[in-house]
Each structure stands twice: as C-alpha cells, then as structure tokens.
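# Results of the structural survey
Given next are the chains, with one letter for each unit.
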Amino acid sequence: MYACFPPRAPMSKTHFSSKWMISGASFLELDRPTDKISLAQYSALTLTGFFFSRYALLVTPINYTLCSVNIALFGSSAWHLGRKVKADFMT
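Because the structure is a prediction, the values reported are computed rather than measured.

Conventions and cut-offs
Residues numbered from 1 in each chain as written. Predicted model: local features only at pLDDT ≥ 70, side-chain atom pairs only at ≥ 80, totals over all residues. Heavy atoms only, no water. Helix = DSSP H or I, 4+ residues; strand = E, 2+ residues; numbered from the N terminus. Contact = heavy atoms within 4.5 Å. Areas by Shrake-Rupley, 256 points an atom, 1.4 Å probe, with all protein chains shown as cover. UniProt positions renumbered as here; feature names shortened; annotations may be inferred. Phe/Tyr/Trp six-rings, centres within 6.5 Å; stacked < 30°, edge-to-face > 60°. Buried < 20%, exposed > 50% of the residue type's maximum accessible area, 1.4 Å probe, protein only. Core = buried A, V, L, I, M, F, W, Y, C linked by side-chain atoms within 4.5 Å. Expected span 1.5 Å × (residues − 1). Arc of directions from axis to C-beta.

### Structural notes on the overall build of the protein
- For the protein, the count of helices and strands is three helices and zero strands.
- Counting helices and strands in the order they occur from the N terminus, the protein gives α-α-α.
- Long-range contacts, defined as pairs at least 24 residues apart, comprise 75% of the intrachain contacts of the protein with a sequence gap of at least 6.
- Only carbon and sulfur atoms are counted for the fraction: they give 71% of the accessible area of the protein, which is about 6100 Å².

Below you can see the structure in the form of structure tokens.
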C-alpha cells in the first residue's frame, strides 16, 4: 500500500482513481471526431501527463503507479492532440 500512495496524502487515492477514469475514457474514444476535440483541454492533459510522470520518478520513494497513470494520460491525450493538430493545421 505504501508504494501506491504516500502515507500523508489521503486525498491522493481519489485523485489517482480519477486520473485512471480520465485516461480510460480517453482510450475508449480513440476514434472521436476531431471537431469534438478541444485543443486547449488535450494540450493541458498531455502536459499534465508528461510533467507528473517525470515527477513520480523524482520523488522518494519512487511512485511507479502514479507514473503509470500519468503515462497512460499522456499517451491517450497526446493521441487526440496529434489527431486534432493534423486535422486542423496540416490538411
């Protein structure tokens, strides 16, 4: 239990599970139409996933579960962001 959640952060369990829900919803909608994708929202989610996955590897003890949820968040949101940029600016 200690490796998943820091001992002094009881709210992190809720935050952790909500990030998995955001990532899961994003993975379920990989074929979402690009006109329904918000550039600002997916930019923020991509950057959040990138920065917090790096942070999870810097804290002591290293929090691999936090890193994994942020990598999932980064991957799913970067996919949508790439599709949006390609549809709006490259075609």
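### A word on the UniProt feature "transmembrane region" (unreviewed entry) in the protein
- Feature annotation in UniProt assigns "transmembrane region" (unreviewed entry) to the following positions: residues 62-81.
- Summarising residues 62-81: 90% helix, 0% strand, and an end-to-end C-alpha distance of 29 Å.

### Focus: the packing of aromatic side chains
- Counted under the stated rule, the structure contains three aromatic pairs.
- When the ring of Phe50 is compared with that of Phe51, the centres are 5.3 Å apart and the planes differ by 70°; the resulting orientation is edge-to-face.
- A ring pair is formed by Phe52 and Tyr55, whose centres lie 6.3 Å apart and whose planes are at 85°; its orientation type is edge-to-face. Taken together, the residues Phe52 and Tyr55, both in helix α2 (residues 39-58) and three residues apart, mark about one turn of the helix.
- Residue classification places Tyr55 among the partly exposed residues on the basis of a relative accessible area of 45%.

### What to know about the environment of Arg54
- Tracing the sequence through the fold places Arg54 in helix α2.
- Looking at Arg54, the relative accessible area reads 49%, which means it is partly exposed.
- Through-space distance from the C-alpha of Arg54 to that of Leu66 is 9.9 Å; in sequence the pair is twelve residues apart.

### Things to note about the nonpolar core
- Counting five residues, the largest nonpolar core is built from Ile37, Tyr42, Leu45, Leu73 and Leu81.
- Sequence-distant contacts of Ile37, that is, excluding residues within four places in its chain, are made with Arg32, Tyr42, His80, Arg83 and Lys84.

### Focus: α2
- Compared with the 28 Å implied by 1.5 Å per residue over 20 residues, the 29 Å span of α2 between its first and last C-alpha is a close match.
- Among the residues making up α2, those that are buried are Tyr42, Leu45, Thr46, Gly49, Ser53 and Ala56. The buried residues of α2 occupy one face: seen down the axis, they fall within an arc of 105°. Those residues of α2 that are exposed and angled more than 90 degrees off the buried face are Ala40, Phe51 and Leu58.

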